[in-house]
Every structure is written in C-alpha cells, then in structure tokens.
Amino acid sequence: MKLQTFSVGPLHVHVLPSTTYKTNTLVLHMRSPLTKETVTKRALLPYVLQSGTKNHPSRKEIRQSLDELYGATLNVDVSKKGENHMMSFKMEVANEKFLSDDRPLLERAIELFSSVILQPKTTEDSFDSTIVEGEKRTLNQKLSSVYDDKMRFANKRLTEEMCEEEPFGLFVLGDANDLPEIDEKALYSYYQEALSKDQLDLFIVGDVNESDMKKVIEKHFHGLTSFPQRELAFENKPFDLKRDSKEIKEEQDVQQGKLHIGYRTNITYSDEDYFPLQLFNGVFGGFSHSKLFINVREKASLAYYAASRVESHKGLLIVMSGIETDKYDAATKIIFEQMEEMKAGNFSDQDLEQTKAVLKNQLLETMDVPRGIVELEYHNLLSSTKRPLDRWMDEIDKVQKEDIIRVAKKLQLDTVYFLKGKEESSNE
Amino acid sequence: MNKVTFDQLQETLYHEELPNGLQVYVLPKPGFNKTFATFTTKYGSIDNNFTPLGEKEALRVPDGIAHFLEHKLFEDEEGDVFQLFSKQGASANAFTSFTRTAYLFSSTMNLKENLETLLNFVQKPYFTDESVEKEKGIIEQEIKMYEDNPDWRNYFGLIASMFEKHPVKIDIAGTVKSIHEITKEMLYKCYETFYHPSNMVFFVVGNLNPEETIQFIRENQAGKEFSKPEKIDRFFDEEPEGVHEKQVKIPMNVNTGKCLVGFKDRKPDRQGKDLLAYELSIQLLLEMMFGQSSENYQTLYEAGLIDDSFSFDYSGEYGFGFSVIGGDSDKPELLGERISSMVEEFKGKELNEELLESIRKKKIGYFLRSLNSPEYIANQFTRYRFNDMDLFDVIPVLESISKQDLQTALEEHFVVDTQSSQCLITPKGE
C-alpha cells in the first residue's frame, strides 16, 4: 500500500489504495492549537455540522441519506494530540462490488461528506439556532456526565492537576462555563475562522485510485479553494518541571478507589528516544506480561487492572489502577518499586524480547484496520522526523537495554491522584 | 474437510468435525497481517445448575463460577499463559458471556506456536487452593469496578427487572459473597463437564493457509485423550412469561440519569433459521422505530430527552431473549414513558414499506462493514453456530424478510403491558 498525496486549495489529500476491505473509508482531520478561547467552540462545531446541511436540513435527513447509501456511517469527534485540538469527521461506506446492487456508492458518499463540512444549514451569517441550542444542551450533558465514569473522571482530574499551567490541562470537550457565551452567530464566525486557519488533511482508504479521487475531491471540495493556503506548525512545547511532585486525594461515594499517577517523560514522537520509551512502557506497564500487571495484580491481588500508557504527543506516562481505598499505601509502594527496578535495569533480556514481539504485533494489527492506517500515517505527518511505517519495525528491534535505562532515568514523577471511597463504606 | 464459498462476499469457509467432536472452522483473509483465533465452549454464566460429568445428581454452583474458571485457566503449572503468548508476539484474552466462554489470541507471527498454546492451555486445567484464593482478590476488584459503572448497573438492573427465575439475571462475575464460596473442586467439576471438545468450537480467521491450519489442529487433538462425548444436562427453573417488575430505580453517585426500557420474549425457544429471521426482524424494527434516521429519534433529541448515548440492541439465545432501548437523560422517567408510547404508536400504524427498504439496505451495509473485522467474524460465527444458525445466511435472510414477518415479530415482541420493564439510574445527590 503506497500513500499518494495531492492538494485541493488548503486541503491535503492522502490516498491509500487497498483491496483488503469490504468498505471505503474517509477521514478528515482539522487541526489547530489547543487554546482556552477556542476549545469549547471546537468541541461543539462538528456536532452542529453533522446536524443539518443546506440540502439535508436536519439530522434525520442526513441519517436517511446515509441509510440509502447502504448504511454508510458518519462519525464526528474531537481529540487532543499534544497541545493541538483536532476536529475529526469519519465516513465508511460499503464497496458496491460486494452487493447485489452495484450502483456506485463512493462518490455519493463523498458528496454527502463534503456537504456536512462545507454546506451547513445557515441563515445569513449564522448557523440554525435550534440546532446550536440542541447541541449546546447535549455538550453540557456530556461534560456533566464525565463525573459518572470514574476512570475518565480521575484521568481528567490528574491531567488538570499536572498541566495546570499548560494548554494540555484543558479538557478535550471544553468547559460548560463557556457555553452561555456561544450562540449561532459566534459559532458560525468561528467556523469560518477554522476553515481559514486549520490544517486540513483528508485520508481515503479503500479500493480507489489517485486520479479518480483527484477528480471527485476537486469537484466536491472546490469550496475550499477560496480559503487561504497555510501550513500550520505542530504545537509541542517542552515543559520544565520545577515544582515538587504533588499528591492529591479526593473522596467520593465509590466502591473502588481510582489511583492515577502521572510522570513526565519529556519524550515525544519526534525524539530519538521515542521507541526506547515505547519499550520502557511495554516492560513496565503496557501489557499483561508487564511488571505492573504481574506485581500489582498477579502477585499482590490488589487490583483487576494495573497498567501504564504513554501520551505520545505530550510527553507523559500515566499509570492507572483500581484498588480498595485502604490499599493506597500498598499499591503505590509496589508501583514506585517497579519504577525503581526499571531505573536500575532490573529486567531481563527475555522481558525485552517479549515486549518487542508484542509491540511489533500490535503495530501490524493496527495496520489491518483502515482507521488504524490513517492514525499511523497521520502520526507520522505531524512529526518533524519522518519515519516510514516499515522502518518502525527496525526502530523497535534496535532498542537495547541501556536505551531503556536511559529513558527510565529521564522520567520525573509529577502527580499522584487518588479518587478514594468514603471511609465508612470501606469497612463493610 | 468441507469448503463453502460465498461468491457475493468473496469469502471461503473451511470446516471439519474432528473425531473427538471438536468443530473447527477456518476463514482465510488475504491482505490482513493478523490471524485471530477463538476457542469457545458452550458454557456461560447461566449454566449454574447441571449434572456433573459421571454423576447422577444435579448440582447448583455459586454465581460467577464460569467467569472465575475463565480467569483460572490462564494459570499453568509452569506459570502464566499470558507470558507465553507475549513471547510468541501474540496478545491473548478471554471473555465470559451468558452462554459462552471464549479464549482468544491475535497475532501476526508464530501462528502454529500460538495455536498450540491456545489449544493446550484451555485443555489443561491446573488449579491449586492457593491460586484459587489469590484470584478472589482480583475478581473482587473486577466486580467493584462494575459496581461503580452506571451503564453496567443499568443494563443488569434491567435484566433483573425482566426476569424472575432465569439465571440470565445474575451478574456474569457473580458477587463478592458468591465468589468466596468457590473451591478448586468445584472448578474441576465445571471444567470436566463443559470443556469436552464436543461442546466446543475452534475458529481461526486471518492470513493463513487453511489446509495446513486444519491439519495442525487435527494432529494436536489426535495426540490427546478424551472421554466419550456425553450429553450435558442443564436445568433451568421455569420462568414466567411476563416481566418480573415493571420498573426499578437505582440511585447512584452520578450527575446524569439513565433510562433503559426492555422487552422480554414470551417464548424464547427459537433456534436455527427461525431465530435468525426473528432476531433480524427485531433489529430492523428497532432501527425503524428508534434509529438515528427515525422520526422518533429526532423528536426525542429535540425535546432534550436523549443524547448521542441513546442506543438499542436485541439479545436472543435458547431460553431467553430481550431487547433494550435507552441511554443518558436528565429526565429518565419521562424518557421511559415516551419510549413506551412511541412503541404503542408504531404498532398502531401501517408498516412503511419505503422505510423498511431503506433500513434493510442499512443493515446489509453494516453487516458488510463488520466483515472487515476478524474479531467480529470469529465471535459472531461461534455464537450463531451454538444456536444452529449460520453467519453467512445473514444477507440472504435480511433480503427475504417480508413486511408480514415484521408485523408478526412486532406483535409478538413489543408488548408494553406485560413484556416491558424499565430501569432508571437516578442521581443520588450529596
């Protein structure tokens, strides 16, 4: 599979031909710096766009058109990549080759996809007010129900505490306090701003070729050619941790305490140490053969899950475990000991080889899924160091024990966050 | 070895029944890096009352034992099976449902070694008193994690409100109390009864050579001894036709309420093509009534009663069947009322044929998309196989369902008065 690229105005189009799938996939990423001023508007905008276009003025009509396209799917979401805020639009449509009805579907799907992004339902210089009010209500409810998912809540609290002074501390869905200020006019004017300033990347994966796609995209995304060309740098500021590490404990009516620990790795995808960090995480806590799983779960029976993950674009490593409230000391002791073991190089060659095998397997599996391929290619696009996917395998193989110890020594404990149960309920 | 080709889908499925009774299926997926394999027994959380192999008396076992057994099987005399899989570059996992326990791996290398590990660890139980005790702490935390999860509580709360006797109402992992009753001896009894190859299906899908793969599994099985297959006697108390309770409310430490409405099947004894046609009919009806393209969805969304978490689903097996509709809402009570009245209204009107055709297309497209996923294929195929259905019949059956079939399913399943329950999660307030 070879990536082919062309541009339509400010839109960069990446085509990945493949005959492996029964569907064709489109992904559009709109990227902009993560800021307090824009975060809530961006969390709202894609949902407003998918709720009505000029020709399909309601969600219902858009969804009916998708049904007619043999259940094409349309999903929107927002995410953070380091200190960048992404609005993403994804569509997947059946390849008619596998249907008894062989009328072409892809161009009709692209037409609908582009109309969601470029032809919203508007009145003069404003979105439809009913749609905007409805989506504000939904966003408000989503923000308030983050509290209901305790793992997610603890993760949000940890990030806020760690990154108080950095854009990364902003929550991906924004802030409910911003909502009253945002009306259909303000949001529409922000929409125009996003089309003028965001970095725009469209990926197409499936049984397609570049020249056909060029014609179709030029036709349906023509509207973008009146917007300025731009190349937006990827925001990624290193952070110098000057304060001491923090310990935050909060209490709620929960059965299980949520222990989340944040470290600074100061290593992001563009760094030399990126692959050693992946190996570090794999030996330490990424998998079911890792030190955290073995020691917190299997040996001490303290938890059902005990794992770590890397925030690649920000340079963080997060440990997560669900434990009894009164086992806080026991669990943190084991986790810190395992970190010391890593720094001291107390892991075997076998641990290392095992982790390499699992990481390579994970990478190959990601490439089996259309959205996985897009994710990997996009990851690469964002980084200043361009590493073709086939080189990733070699990069993983090259990592030595010393590299992992070097990475381990760079890690700094930033914050320990514990969402604990009420004391009386833990005595049952 | 049998070979079946599905021309329109461009898929070929290989099948063989081994002398010990194991059903083996292999589906090549050229172009994929990975291979995904599942080894599944027809034994789940509902099988808590049965005659153990070689005994005469029925035995009732503690709730959550099938799931407990799933956890413990990963432990071998030489240590942890996860370790072995990861040395071979595979990632392994397992799950227990109401009716099945499945062990699985996915890998992009060392296929034979991984197949061998999967076959061998599942067929070689090793439990000690000490390791059984140790697992209790881990599963206790798993149970507590779910107790804090409002969606899980809502779903199981709804099932418990619909069913009075049937063990589908029991939490799959059991309770903190019930798992503490589990012993090594009980685990062996369950294992011996339900893990005979004749009660199991092995499914491999991915980048592989079908002949070699089946040959390898055949030889592995030929090298092991098993007792003669015996019919397993499972017992279920008689479940009343109607729902147990009309409404249940669960106060929890949450900000946003939730509401699920359930419809319980009256005669859940369908199998084979009947069950397939019935469950696809219910799914088509749910889409027509409450899909994102429906009038009702738009109405509920605009009234502020639902958000993107709104969804619906149907689950049907031999012995129980139910559909579930709902999601987050700050007016859960009102949402429940509206869902019920919308169902009544839908039943009062003539079925719209144009809408049916459009929803039929949607379901066909969704099915095609799910064939991109080796996980979906292996898991669903096995579930279908245990109910005498065939996954590759889905499109022809979808195409054949008539308006009359839908009308019959609608009247049979969606009976608000006697067959419907509601479960609400309400914010506790501090």
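What you are looking at is a predicted structure, and each value in this text was computed from that prediction instead of being measured. (Residues numbered from 1 in each chain as written. Chains lettered and ligands numbered in written order. Predicted model: local features only at pLDDT ≥ 70, side-chain atom pairs only at ≥ 80, totals over all residues.)

**Regarding the overall build of chain A**
Step number 1: Secondary structure assignment for chain A yields 14 helices and 13 strands.
Step number 2: Here the C-alpha atoms of chain A give a radius of gyration of 23 Å, agreeing with the 22 Å that 2.2 N^0.38 yields for 428 residues.
Step number 3: Relative to its 428 residues, chain A shows a buried fraction of 47%.
Step number 4: Taking the contacts inside chain A whose residues are at least 6 apart along the sequence as the reference set, 79% of them involve residues at least 24 apart. (Helix = DSSP H or I, 4+ residues; strand = E, 2+ residues; numbered from the N terminus. Rg over C-alpha atoms; globule rule 2.2 N^0.38 Å. Buried ≥ 20, exposed ≤ 12 C-beta atoms within 10 Å, placed from the backbone. Contact = placed C-beta atoms within 7 Å.)

**A look at the overall build of chain B**
Step number 1: Helices and strands together make up the secondary structure of chain B, namely 16 helices and 16 strands.
Step number 2: Expected size for 430 residues packed as a compact globule is a radius of gyration near 22 Å; at 23 Å, chain B falls within 12% of this value.
Step number 3: Here the C-alpha coordinates of chain B stretch approximately 60 × 55 × 40 Å along the principal axes.
Step number 4: Going through the 430 residues of chain B one by one, you find that 48% of them count as buried.
Step number 5: In chain B, of all internal contacts separated by at least 6 residues, the share reaching a separation of at least 24 is 81%.

**Notes on the sheet that holds strand S1 (residues 2-6) of chain B**
All names here are of chain B.
Step number 1: Read from one edge to the other, the open sheet built from seven strands follows the order S1-S2-S3-S11-S4-S10-S9, with strand pairing classed as mixed. Among the strands making up the open sheet, the edge pair consists of S1 and strand S9 (90-96). Pairwise comparison of adjacent strand axes, ignoring direction, gives a mean angle of 15° for this sheet.
Step number 2: As paired strands, strand S3 (residues 23-28) and strand S11 (residues 200-206) are joined by six bridges and run parallel to one another. For Gln23, the partnering residue across the bridge sits in S11 and is Val201. (Pairing = 2+ DSSP bridges. Axes fitted to C-alpha atoms, helices over the stretch in contact; angles between N-to-C directions.)

**Structural notes on the pairing of strand S2 (residues 11-17) of chain B**
Residues and elements named next belong to chain B.
Step number 1: Where S1 lies against S2, five bridges are found, and the strand directions are antiparallel. The partner of Val4 across the bridge, within S2, is Leu13.
Step number 2: Between the antiparallel neighbours S1 and S2 lie four residues, among them Gln10 with a positive phi of about 55°.
Step number 3: In this sheet, S3 lies alongside S2 in antiparallel orientation, the contact comprising four bridges. Counted as the bridge partner of Glu17 is Gln23 from S3.
Step number 4: Hairpin connection from S2 to S3: five residues lie between these consecutive antiparallel strands, with Gly21 at a positive phi of about 100°.

**With respect to the interface of chain A and chain B**
Step number 1: Each partner contributes residues to the interface: chain A has 55 residues there, and chain B has 56 residues.
Step number 2: Within the residue set of the side of chain A that touches chain B, elements represented by two or more residues are helix H2 (59-68), strand S5 (84-94), helix H4 (129-144), helix H9 (291-299), strand S12 (316-323) and helix H11 (349-366) of chain A.
Step number 3: Per-element tally for the side of chain A that touches chain B: the top contributor is H11 of chain A, with seven residues.

**Observations regarding helix H13 (residues 374-386) of chain B**
All names here are of chain B.
Step number 1: Here H13 is 13 residues long and its end C-alpha atoms lie 18 Å apart, about the 18 Å a rise of 1.5 Å per residue gives.
Step number 2: Looking at H13, one finds that the buried residues are Pro374, Ile377, Ala378, Asn379, Phe381, Thr382 and Phe386.
Step number 3: For H13, the secondary structure elements touched by its buried residues are S3, strand S4 (35-41), strand S10 (101-107) and S11.
Step number 4: Looking one or two residues past H13, Asp388 carries a phi angle of roughly 55°, positive in sign. (Expected span 1.5 Å × (residues − 1).)

**Quick notes on unusual backbone geometry**
Step number 1: Positive phi, close to 50°, is recorded for Ser301 of chain A, a residue that is not glycine.
Step number 2: Among the secondary structure elements, Ser301 of chain A is positioned in the loop between H9 and strand S11 (306-311).
Step number 3: Of the residues examined, Ser301 of chain A has 18 C-beta atoms within 10 Å and is grouped as partly exposed.
Step number 4: The residue Asn110 of chain B is not glycine, and still its phi comes out positive at about 50°.
Step number 5: Tracing the backbone through its elements, the reader meets Asn110 of chain B in the loop between S10 and helix H3 (111-122).
Step number 6: By the C-beta count within 10 Å, which is 18 here, Asn110 of chain B ends up partly exposed.

**What about the sheet that holds strand S4 (residues 73-81) of chain A?**
Residues and elements named next belong to chain A.
Step number 1: Taken together, six strands build an open sheet; the order of strands is S1-S2-S8-S3-S5-S4 and the sheet is mixed. The two strands at the open ends of the sheet, each matched to only one other strand, are strand S1 (4-8) and S4. Taken over all neighbouring pairs, the strand axes of this sheet differ in orientation by 20° on average, direction set aside.
Step number 2: Pairing between strand S3 (residues 23-33) and S5: eleven bridges, direction antiparallel. Looking at the pairing, Val27 lines up with Lys90 of S5.

**Structural notes on the domain arrangement of chain A**
Residue and element names in this part refer to chain A.
Step number 1: According to the domain assignment, chain A contains domain 1 (4-226) and domain 2 (246-421).
Step number 2: For domain 1 and domain 2, the distance between their C-alpha centroids amounts to 30 Å.
Step number 3: Between domain 1 and domain 2, the contact holds 21 residues from the first and 22 residues from the second.
Step number 4: Listing elements by their share of the side of domain 1 that touches domain 2, those giving two or more residues are strand S2 (11-17), S3, helix H5 (150-162) and strand S8 (199-206). (Domains from an automatic or database assignment.)

**Some details on the environment of Thr40 of chain A**
Step number 1: Within the secondary structure, Thr40 of chain A is located in helix H1 (residues 39-49).
Step number 2: Excluding residues within four positions of it along the chain, Thr40 of chain A makes contact with Gly174, Asp175, Asp178, Leu179 and Ile182 of chain A.

**Notes on the environment of Lys34 of chain B**
Step number 1: Relative to the helices and strands, Lys34 of chain B resides in the loop between S3 and S4.
Step number 2: With 26 C-beta atoms packed within 10 Å, Lys34 of chain B lands in the buried category.
Step number 3: When neighbours within four sequence positions are excluded, Lys34 of chain B is seen to be in contact with Leu364, Glu365 and Asp368 of chain A together with Ser106, Ser107, Thr108, Gly206, Asn207 and Pro374 of chain B.

**Re helix H14 (residues 401-410) of chain A**
Residues and elements named next belong to chain A.
Step number 1: If you check which residues of H14 are buried, you get Ile404, Val407 and Ala408. One side of H14 holds all its buried residues, which, seen down the axis, span an arc of 105°. In H14, the exposed residues that point more than 90 degrees away from the buried face are Glu402 and Lys409.
Step number 2: Along its buried surface, H14 packs onto helix H8 (274-286) and helix H10 (328-343). (Arc of directions from axis to C-beta.)

**Quick word on the confidence of the model for chain B**
Step number 1: Here chain B shows a mean pLDDT of 96. Residues at 70 or above account for 100%.
Step number 2: Two summary scores accompany this predicted model of the complex, namely pTM at 0.94 and ipTM at 0.91. (pLDDT = per-residue confidence, 0-100.)

**Here we look at the packing of H9 of chain A against H10 of chain A**
Residues and elements named next belong to chain A.
Step number 1: Between H9 and H10, the shortest axis-to-axis distance is 10 Å and the interhelical angle comes to 150°. As the angle between them shows, H9 and H10 are arranged roughly antiparallel. Where H9 crosses over H10, the two elements pack in a sense that is right-handed. For the pair H9 and H10, contact is made by Lys291, Leu292, Asn295 and Val296 and by Ala331, Ile334, Ile335, Gln338 and Glu341, respectively. (Parallel < 35°, antiparallel > 145°, perpendicular 65-115°, else oblique. Left-handed = near helix turned anticlockwise from the far one by under 90°.)

**Topic: the pairing of S12 of chain A**
Residue and element names in this part refer to chain A.
Step number 1: The buried fraction of S12 amounts to eight of the eight residues, a majority that puts the element mostly inside the structure.
Step number 2: Taking every second residue as pointing to the same face, both faces of S12 are buried, with Leu316, Ile318, Met320 and Gly322 on one and Leu317, Val319, Ser321 and Ile323 on the other.
Step number 3: Pairing between strand S10 (residues 257-264) and S12: eight bridges, direction antiparallel. In the sheet register, His260 faces S12, and the bridge partner there is Met320.
Step number 4: Where S11 meets S12, six bridges bridge the pair, whose relative direction is antiparallel. Residue pairing for S12: Ala306 is matched across the bridge by Ser321.

**Quick look at the packing of helix H1 (residues 65-73) of chain B against helix H7 (residues 184-194) of chain B**
Residue and element names in this part refer to chain B.
Step number 1: Contact geometry of H1 with H7 gives a least axis separation of 10 Å together with a crossing angle of 95°. Judged by the inter-axis angle, H1 sits roughly perpendicular to H7. Along its contact with H1, which presents Ile65, Ala66, Leu69 and Lys72, the element H7 presents Met186, Leu187, Cys190 and Tyr191.
Step number 2: Looking at the contact of H1 with H7 residue by residue, the classes come out as seven nonpolar, no polar and one charged. (Nonpolar A, V, L, I, M, F, W, Y, C, P; charged D, E, K, R; others polar.)

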